[in-house]
Amino acid sequence: MEFDVTRPLLADKTAVITGAAQGIGYAIAELFVSEGARVVIGDLDADLAAVAAEKLGGQAAAVGVRCDVTQSGDVDALLSAAIDAFGTLDVVVNNAGITRDATMRTMTEDQFDQVIAVHLKGTWNGTRKAAAIMREAEAGAIVNVSSISGKVGMAGQTNYSAAKAGIVGMTKAAAKEMAHHGVRVNAIQPGLIRTAMTEAMPERIFAEKLAGIPMQRAGEPSEIASVALFLASDLSSYMTGTVLEVTGGRFM
Ligand code: NAP
């Protein structure tokens, strides 16, 4: 594949990013816009999604849409909003996420179900609905945000580890179904990244995690965004079904 090095990596592309009002999703949206994409930010909170879109340049560059990824109809509306606003759907990043940490002894069934619903069902909704649109265009890139917790399993995260490991299997299965339609599906497994999700962690737990990172620091959302850009763009044109660990060497 030939590259035009003078063109931004996502010039004229439309990207939908779930859970992008803040944190890793917002950093992805920001980088995508700087590389020429128009983005649609889906998030639970309509006002926060609108504020994020405004910060990214408003109407011409970004639109915010309320979307609960566990609701199939919301995901349909989110993807339709991209096509209505910008005409195409080229990239979908399934990033929305929550944690409900507890050991199995104390975790409620509801905490298990919520985490499975947002990560596993939400990513399935985003992947299959994006794939249905992209196969018509015979092009597209889907990026699913898993976690290193899905590789190694974390105590206190039986729900989250199961969901994030499930995203790996789902990504590979979807990649196999979609490869001959020109649609690539890949996943990222972030390690410890500084966002609201990890700021909510008790200091002792954060320090314990930090101690196991060969690069001796937490990652920044922008360091996940750059890998999402790689997987979303033609830089990774011959990659599908892969899982990229972005962890500073943790659990290598
Ligand atoms: P974050 O700052 O908490 O952002 C997550 C966003 O997703 C929030 O805006 C949240 O909205 C939204 N969201 C939650 N449930 C949703 C739903 N049902 N539908 C739509 N949006 C929903 O978290 P983050 O750290 O950026 O995490 C982003 C992704 O990276 C997640 O999948 C997470 O599991 C993964 N990850 C993060 C780390 C890390 O160290 N931070 C490590 C590995 C993987 P509300 O705030 O309104 O709930």
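Quick notes on the rules
Residues numbered from 1 in each chain as written. Predicted model: local features only at pLDDT ≥ 70, side-chain atom pairs only at ≥ 80, totals over all residues. Heavy atoms only, no water. Axes fitted to C-alpha atoms, helices over the stretch in contact; angles between N-to-C directions. Helix = DSSP H or I, 4+ residues; strand = E, 2+ residues; numbered from the N terminus. Parallel < 35°, antiparallel > 145°, perpendicular 65-115°, else oblique. Left-handed = near helix turned anticlockwise from the far one by under 90°. Contact = heavy atoms within 4.5 Å. Nonpolar A, V, L, I, M, F, W, Y, C, P; charged D, E, K, R; others polar. Core = buried A, V, L, I, M, F, W, Y, C linked by side-chain atoms within 4.5 Å. Buried < 20%, exposed > 50% of the residue type's maximum accessible area, 1.4 Å probe, protein only. UniProt positions renumbered as here; feature names shortened; annotations may be inferred. Pairing = 2+ DSSP bridges. Near = heavy atom within 4 Å. Polar contact = N/O pair within 3.5 Å; in protein donor to acceptor, adjacent residues only side chain to side chain. Areas by Shrake-Rupley, 256 points an atom, 1.4 Å probe, with all protein chains shown as cover. Right-handed = clockwise from strand over helix to strand, strands pointing away. Expected span 1.5 Å × (residues − 1).

Moving on: the packing of helix H4 (residues 109–137) against helix H6 (residues 158–178). One way to put it is that H4 packs onto H6 with a least axis distance of 9 Å and a crossing angle of 15°. Of the possible angle classes, the one that applies to H4 and H6 is roughly parallel. The handedness of the crossing between H4 and H6 is right-handed. Of the residues in H6, those touching H4 at Gln-111, Phe-112, Val-115, Ile-116, His-119, Leu-120, Thr-123, Trp-124, Thr-127, Ala-131 and Arg-135 are Thr-158, Asn-159, Tyr-160, Ala-162, Ala-163, Lys-164, Gly-166, Ile-167, Met-170, Ala-174 and Met-178. Broken down by class, the residue content of the contact of H4 with H6 amounts to 13 nonpolar, 7 polar and 2 charged.

Our next topic: the nonpolar core. The biggest cluster of nonpolar side chains holds 32 residues, and the ones touching the most others in it are Ile-17, Ile-28, Phe-32, Val-39, Ile-41, Val-93 and Ile-188. If you list the elements that add at least two residues to this core, you get strand S1 (14–18), helix H1 (23–34), strand S2 (38–43), helix H2 (46–55), strand S4 (91–94), strand S5 (140–145) and helix H9 (221–232). A per-element tally of this core places H9 first, with 7 residues. What Val-39 contacts, discounting residues up to four positions off in sequence, is Ala-15, Ile-17, Ala-29, Phe-32, Val-33, Leu-56, Ala-61, Ala-62, Val-63 and Phe-86. Counting 29 residues, the second largest nonpolar core, distinct from the first, contains Cys-67, Val-69, Leu-89 and Ala-163.

The next thing to look at is the UniProt feature "domain: Ketoreductase" (unreviewed entry) in the chain. Residues given the UniProt feature "domain: Ketoreductase" (unreviewed entry) here are residues 13–196. Along residues 13–196 the backbone is 50% helical and 18% strand, and the end-to-end C-alpha distance reaches 29 Å.

Spatial ordering of the open sheet is given by S3-S2-S1-S4-S5-S6-S7, a layout of 7 strands whose pairing is parallel. Every other strand in the sheet has two partners, leaving strand S3 (62–66) and strand S7 (243–246) as the edge strands with one partner each. Within the sheet, the average angular offset between the axes of one strand and its neighbour, ignoring direction, is 20°. Against the sheet, H9 makes contact with S4, S5, strand S6 (183–190) and S7, and its axis sits at roughly 165° relative to S6, the strand it touches most.

With that out of the way, let us pick up the site of the ligand. Close contacts around the ligand come from 28 residues, with Ile-24, Asp-43, Asn-95, Tyr-160 and Thr-195 the closest. Between the ligand and Asp-68 there is a distance of 2.9 Å, counted from a nitrogen atom to a side-chain nitrogen or oxygen. A distance of 2.6 Å separates an oxygen atom of the ligand from a polar side-chain atom of Tyr-160. Summarising the interface, the protein chains cover 89% of the accessible area of the ligand, which totals 880 Å² for the free molecule. Listed by contribution, the elements that provide at least two residues to the shell around the ligand are H1, H4, H6 and helix H7 (196–199). The element that contributes the greatest number of residues to the shell around the ligand is H7, accounting for 3 residues.

Along a regular strand, successive side chains alternate from one face of the sheet to the other. In terms of strand pairing, S2 meets S3 through 5 bridges, oriented parallel. Its bridge partner being in S3, Asp-43 is matched across the sheet by Arg-66. Between the parallel pair S2 and S3, the chain is carried across by H2, and the sense of this crossover is right-handed.

What sets the pattern is the α-helix's 3.6 residues per turn: residues three or four places apart point alike. Taking 1.5 Å per residue, 12 residues should reach 16 Å; H9 reaches 16 Å between its end C-alpha atoms and fits that length. All buried positions along H9 are accounted for by Pro-221, Ile-224, Ala-225, Val-227, Ala-228, Leu-229, Leu-231 and Ala-232. Lining the buried residues of H9 we find H1, S4, S5, S6 and S7.

At a minimum axis distance of 10 Å, the contact between helix H3 (residues 72–86) and H4 shows a crossing angle of 40°. When the interaxial angle is binned, H3 and H4 end up oblique. The hand of the H3/H4 crossing is right-handed. On H4, the residues touching Ser-72, Val-75, Asp-76, Leu-79 and Ile-83 of H3 are Asn-125, Gly-126, Lys-129, Ala-130 and Ile-133.

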